Amino acid sequence: MEDLKKILVEKVLLYESDVLPPETESILRQIRREKTTAPVIYISSGTSSIISGSEETWSAIKTYLDENSLKTDLVRVGCQGPANFEPLVCIQLPGKNRLFFRNITGEKVDLLLNGVFHSDINEDDLAGQQGTRGFEMWPGIPFIEELPFFAHQKRIVMNNCGCYDPENIDEYIARNGFRAFAKTIRHYTFEEVCDIVERSGLRGRGGGGYLTGLKWKQALNTGSLSRYLVCNAKESDPGAFTDRTLLESDPFRLIEGIAIASYAIGTSNAIIFFRKGSEHALERIRKAIGKAREYGVLGNNIFSSGYSLDISVRREPGAFVCGEETALINTLEGKRGMPRLKPPYPTTSGLFGKPTVINNVETLMNVPVIMLNGPEWFRATGTESSPGTKVFAIAGKGRMSGVVEVEMGTSARTILEDIADGIKEGREFRAIQLGGVSGSFLTSENLDLEIDYETLREKGIGMGAGGFVIIDENTCMVDLVRHYMEFMRNENCGKCIPCREGTGRMLEILESIIRKPENEESGTTLERFKGVMQLDSIASVMKDTSLCGLGQNAPNPFMSALGNFREEFEEHIFDRKCRANVCRGLRTFSIDVEKCTGCTACASKCPVNAIYGTRLQPFFIVEEKCTGCGICYDICKFTAITVK
Amino acid sequence: MVFTIQVNNKKISAEKGETILSALNRHGIIIPTLCRMKDFTPTGACRMCVVEVDGREKLVTACSQPVEEWMKINTHSPRVINARKTIVELLLSNHPDDCLYCDRNLDCELQKLAGELNITERRIRSRKIKPRLDQSSPAIVRELSKCILCGRCVRVCEELITSTSLDFINKGRSTHVGPAMDRDLNFSSCISCGQCVIVCPTAALHEKHNIAEVKEYLNKPEILKAVQYSPLVPAGIAEEMGFRYSRDFDRVLNSVFRKIGFDKVFNTGTGTDICISEIAGQLLERIKNKSDKPLYISACPAWIKYAEQFMPEILPDVSTVKSPQQITGSLIKTVAAARAGVRPDKIFSVSVTPCTAMKFEARRDGMMRKGISDVDTVLTIRELSRLIKLFGIDVTNADPEPADEPMEGRSSVAAMAEVSGGMAEGVIRSVWFRLAKSEAERQMFKKLRSGASFREAAFNTGSVEISVAVVDGLTGLNKLKEARASGRKYDLIEVMTCPGGCINGAGISSMNTKDEKKNRAKMIWQADDTDAVNLPEKSPVIINLYEKLIKENREISDKKIFHTHYEKRDVLL
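About the cut-offs
- Residues numbered from 1 in each chain as written.
- Chains lettered and ligands numbered in written order.
- Predicted model: local features only at pLDDT ≥ 70, side-chain atom pairs only at ≥ 80, totals over all residues.
- Helix = DSSP H or I, 4+ residues; strand = E, 2+ residues; numbered from the N terminus.
- Rg over C-alpha atoms; globule rule 2.2 N^0.38 Å.
- Buried ≥ 20, exposed ≤ 12 C-beta atoms within 10 Å, placed from the backbone.
- Contact = placed C-beta atoms within 7 Å.
- Pairing = 2+ DSSP bridges.
- Axes fitted to C-alpha atoms, helices over the stretch in contact; angles between N-to-C directions.
- Domains from an automatic or database assignment.
- Nonpolar A, V, L, I, M, F, W, Y, C, P; charged D, E, K, R; others polar.
- pLDDT = per-residue confidence, 0-100.
- Core = buried A, V, L, I, M, F, W, Y, C linked by C-beta atoms within 7 Å.
- Parallel < 35°, antiparallel > 145°, perpendicular 65-115°, else oblique.
- Left-handed = near helix turned anticlockwise from the far one by under 90°.

(A) Looking closely at the overall build of chain A. For chain A, the count of helices and strands is 26 helices and 18 strands. Its C-alpha atoms give chain A a radius of gyration of 28 Å, within 12% of the compact-globule value 26 Å for 644 residues. The principal-axis extents of the C-alpha atoms in chain A amount to approximately 85 × 65 × 40 Å. Within chain A, the proportion of its 644 residues that are buried is 50%. Excluding contacts between residues fewer than 6 apart, the proportion of contacts in chain A whose partners are at least 24 apart in sequence is 71%.

(B) Structural context of the overall build of chain B. Helix and strand counts for chain B stand at 18 helices and 20 strands. For 573 residues, the compact-globule estimate of 2.2 N^0.38 gives 25 Å, and the C-alpha radius of gyration of chain B, at 25 Å, lies within 12% of that figure. Each of the three principal axes of chain B carries a C-alpha extent, and together these read 80 × 55 × 50 Å. When burial is assessed residue by residue, chain B has 50% of its 573 residues classed as buried. Long-range contacts, defined here as pairs at least 24 residues apart, represent 74% of the contacts in chain B between residues at least 6 apart.

(C) Examining the sheet that holds strand β8 (residues 310-315) of chain A more closely. Residues and elements named next belong to chain A. Spatially, the 4 strands line up as an open sheet ordered β8-β7-β6-β9, and their pairing is parallel. Either end of the sheet is taken by a strand with one partner, and the two such strands are β8 and β9 (356-360). Averaged over all pairs of adjacent strands, the angle between their axes in this sheet comes to 25 degrees, without regard to strand direction. Pairing analysis gives 6 bridges linking strand β7 (residues 269-274) to β8, with the strands arranged parallel. Across the sheet, the residue bridging to A270 is I311, located in β8.

(D) Expanded view of the pairing of strand β11 (residues 224-229) of chain B. All names here are of chain B. Of all 6 residues making up β11, 6 are buried, and the element is well covered by its neighbours. The alternating pattern of β11 places L224, A226 and Q228 on one face and K225, V227 and Y229 on the opposite face, and all of these are buried. Inspection of the sheet shows β11 paired to strand β14 (residues 347-353) by 6 bridges, in the parallel sense. Looking across to β14, one finds that A226 is bridged to S349. Sheet topology note: the β11/strand β12 (residues 264-267) ladder contains 4 bridges and is parallel. From the neighbouring strand, Q228 faces β12, where its bridge partner is F266.

(E) Structural view of the domain arrangement of chain A. Residue and element names in this part refer to chain A. We note that the domain assignment places domain 1 (32-146), domain 2 (175-379), domain 3 (389-472), domain 4 (477-575) and domain 5 (587-643) within chain A. Counting from both sides, the interface comprises 10 residues of domain 2 and, opposite them, 9 residues of domain 4. Of the residues assigned to the side of domain 2 that touches domain 4, the class counts are 7 nonpolar, 2 polar and 1 charged.

(F) Local environment of the confidence of the model for chain A. Here chain A averages 91 in pLDDT, and 99% of its residues register 70 or above. For chain A, the element scoring lowest by mean pLDDT is helix α1 (residues 2-13) of chain A, at 88; helix α12 (residues 251-264) of chain A scores highest, at 96.

(G) Looking closely at the nonpolar core. Core analysis: the biggest nonpolar cluster contains 337 residues, and I432(A) and V468(B) have the highest contact counts within it. When residues in this core are grouped by element, the largest group, 9 residues, is from α12(A). The residues touching I432(A), leaving out its near neighbours within four places in the chain, are A412(A), L416(A), F441(A), L442(A), F468(A), V469(A), I470(A) and I471(A). Counting residues in hydrophobic clusters, the runner-up holds 13 residues, among them F589(A), C606(A), A610(A) and C636(A).

(H) Summary view of the sheet that holds strand β13 (residues 295-296) of chain B. All names here are of chain B. Strand order across the open sheet formed by 4 strands is β13-β20-β19-β18, with mixed pairing between neighbours. Here the strands that pair on one side only, and so sit at the sheet edges, are β13 and β18 (454-460). Two strands pair when backbone bridges link them, and strand β19 (residues 465-472) and strand β20 (residues 492-496) are joined in this way by 5 bridges, in the parallel orientation. Along β20, the bridge assignment pairs A469 with I493.

(I) Geometry of the interface of chain B and chain A. Listed by partner, the interface residues are 28 residues for chain B and 29 residues for chain A. If you list the elements that add at least two residues to the side of chain B that touches chain A, you get α2 (78-93) and β8 (167-169) of chain B. Examining the composition of the side of chain B that touches chain A, we find that 7 residues originate from one element, α2(B), more than from any other. For the side of chain B that touches chain A, the residue count by class is 12 nonpolar, 9 polar and 7 charged.

(J) Just the environment of L133(B), in detail. All names here are of chain B. Examined against the element boundaries, L133 turns out to sit in strand β6 (residues 133-134). Note on L133: 12 C-beta atoms within 10 Å, which makes it exposed. Between the C-alpha atoms of L133 and A204, which are 71 residues apart in sequence, the distance is 9.2 Å.

(K) Broad picture of helix α8 (residues 179-187) of chain A. Considered for burial, the residues of α8(A) that qualify are R179(A), A180(A), F181(A), A182(A) and T184(A). Packed against the buried residues of α8(A) are α1, α9 (190-200), α12 and α15 (361-373) of chain A.

(L) Up close: the packing of α12(A) against helix α13 (residues 279-294) of chain A. Residue and element names in this part refer to chain A. Direction vectors running N to C along α12 and α13 enclose 60 degrees, while the axes themselves pass 9 Å from each other. Between α12 and α13, the angle falls in the class oblique. Of the two possible hands of crossing, α12 and α13 adopt the one that is right-handed. Residues P251, F252 and I255 of α12 touch α13, and the partners they reach there are R284, I285, A288, I289 and A292. The class makeup of the residues in the contact of α12 with α13 is 7 nonpolar, no polar and 1 charged.

(M) View of the packing of α8(A) against α15(A). All names here are of chain A. For the pair α8 and α15, interaxial distance at closest approach is 8 Å and the crossing angle is 60 degrees. When the axes of α8 and α15 are compared, the crossing they make is left-handed. Contacts between α8 and α15 involve R179, A180, F181, K183 and T184 on the former and, on the latter, P368, M371 and L372. Across the contact of α8 with α15, the residue classes break down as 5 nonpolar, 1 polar and 2 charged.

Shown next as structure tokens:
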């Protein structure tokens, strides 16, 4: 082991030329499992895989191998992206292309492995084969790269995801890992690194889209003696899981990115600010930092360059607003997570009053390839103003979901129709929500927009940090907006008035729209209309005056939904109807006399005793009592209950 | 560097580094503010001071944004006015609209803002915040439903008082301000100084009112109603009622109290004189014993509680002498009671002070004798002005009258004790007088009278050298600690919780400005130069008390009633 470490550090990382001698290359191929005599089984082990049952699959495979005393390599790898395929098992027989099997739960293992080891592959679970140079192709099996899900992606950041054991630093180094860092600290000055990254046009992937190299330069040029680099891994938008997946699947690359960025701004203090709840990723990153220290990639006087760096991991206390950069700084200082006034910006006075650069996980993971291949290479992908790629977390009502990486400039339609394979069960598309709870909606008119910072900004849409939620006709836009507003009301820091009170008032007004009409004669209707008239004005004042991005963007979903789905709001307000039949208060249930058998199932489950009738006779629902919960609708075996 | 910026299409000059707000204020343009406090760092929480700056997408807060040369500012455009108005309307939407019954009616900043912004209809509606009242503290009441979360109290408690008893709790709509663990105030480290009360824009924090109790006792003929007032009260009442203070008013107040219905009116200054001479006695004792530990002056009750909580190790060195209010109170229940021929339990003793912590102090253990408390109720100056108004007394038309014997007068140092450094100066002057048999030169005390938060001076009486430290506001404690850590030795240390001393107490007016504070201090020092009686030792009242009344009264001739004790206090920190 000690020898291998020495070889990897001295003959690979510190090797002067980019082309390694054949004998080293052969060692690396062995580490990469490209020259094996035994079969290799890869099991994905991201959070989504574990939830789908990959740990049971793992133990089932282990039992199978032990029982049949087969000599096989069993490797836990990161996540490939498609969440629908989990638990994903890849099997590589010696010299042959890797085969992808999807949804391999524990009980399917025996059948699968029997098939694979006896050349009788079960086509049902097979997703495809991965073409690798120098490997033998399986005849008649489609290539995984040609599946629409993968075909429209371009993987730069996710290049390693799901391909190697994220707890094994050797494999990362064998996959060109840490070579960019080793090259950087030996051959470039701080300014040169900033310059290269600036020339590459890399922009902050957290949503702001600020030029990363420029940010680094600002911090570097402050003249302060100590500085901080903070990696913001507090990804807390509901429905966004890109950072988590990247951290779980390729932690070493993040460490390399942080290391290069820290070097660029000349600091020895780097901090990863972690989300509460991503325990799996946290464990991975801690192990990875430990390994990196062991190999001398982190620590004092790295590779005798005179540069020292250590990365510490800090966990957030559990509030959405702590992801805002100034609130994040307050949290790191041990204070209440409340945003600070800007200016001063963190690059001039941040953590403990020192210049601080805060970068998103995805941004930092782009850095190693830029340093390795040069800014021009990076600029070749993506659009003129936004080079590179963007990682999205597809969630919601698409047929496929998971983490995908597309070239900047790809249209939302490609992501929706090709990568996500359209809407589940052929329902009608309604909107895509970009950028989480404070993002805007992309409707069918905007689907052909190229996704890059400038194009979206022109349309008043924020790119966000990677949330891509697909919404179909079964979702009520008013209810969705209400849900987001509720989230914001509960998660704001409580500091500034427009945001704290504004979110509360907007939520109350939205709730009044979808609440069951009671006592219509006693003036509640008037109140409701009065409230509705103020929604727009509150929203615009919130946008205009709030202290931080949370408050400024909190009305975005509402404003965007009102612009695109005005008729739906009007139906709720004037006709008191919810076309998606989601808003409980506006649903009316009735029993079809023809179909009802009088089985009493609905009456016994009704929580408010609104269903009356005699046994074996048709029942009826008392509308005044009904709360619209829909339990009867779900429980009726004879589809006798209809909803309007 | 001075340059011009354009504001509302007019050019005004601005200095590099200053905020938009200060540039505007200098040129007579008023911008409403809510969370802003002078001399504190801006937090930008209320967003009331937003202005429109050309080239900026969003509105900008004037309180925090530094001016820049290119700026074109619009301070009252429709967009800005609408934003400010909406913000206040949002605050009012769930505010408990009980202005007519509110403690701060006609004196409320939110009310004022609503008026200034012409809010005349309820545009945004919501449910009222659930009322939550915290009356646990003897000095301060919290009405959480009236809190608009401007955060001024939090900043004052942290930055000015350093006891950090209040902070924001929870997030989102549940955000509120409260002490540790969201318990009530009496469990917390609150020292009752009341600085938060002064800065609160609404009635979310106010002093506990004891007017009702006083009113009730005023109607009991069998009870002797005694009142004592601190030397600052006449000036405070003048300020509160909006007329110019003159020295005559000290005596006018005596008749005002009698008109309200008090039987006996005493001057707390007498107690201050006794306090000073008792501490001077203790200091002389220590000097004689060559003690190397400092003596802490114990006159500020908020500081005493602070020390009990945060610095229990110094408690043995804190002077056991009670505060002037308690000394006067104990004399009322003994000497005055004997003179009037009334049993102590038939006396209702009220004290009027510029301080909220005194309300707490009157209820301390050890502030009573034979089960009868020294002081029954404490009123702030604000409360007294309400009482005067309630009884319909025209203070400008009352005749001057003397206070009642035996505590009818004070020396000028007793008034100086209301200013930070004054108590220490009084003790030194008293010691000097006793040792050197002559009066100390005023010039020597210049160092103790400066405005710094930590001051020190040494005095050589010829036979001994006494070094004195004055901590003006609890922020100065750090400097004291540093100085002591570096080996400095002090014989006498005075600590005042409120910066500037009692002249900035929480019982005076609702918003103390620096100028008002300065005036109050100046007035007191000027009086010292002109007054004939400028030492406790020279005061006939004190001589009479010591030589005759106390000596002759066998019960109190041991002077134990002037002393108390302190213990380590366990609170939620």
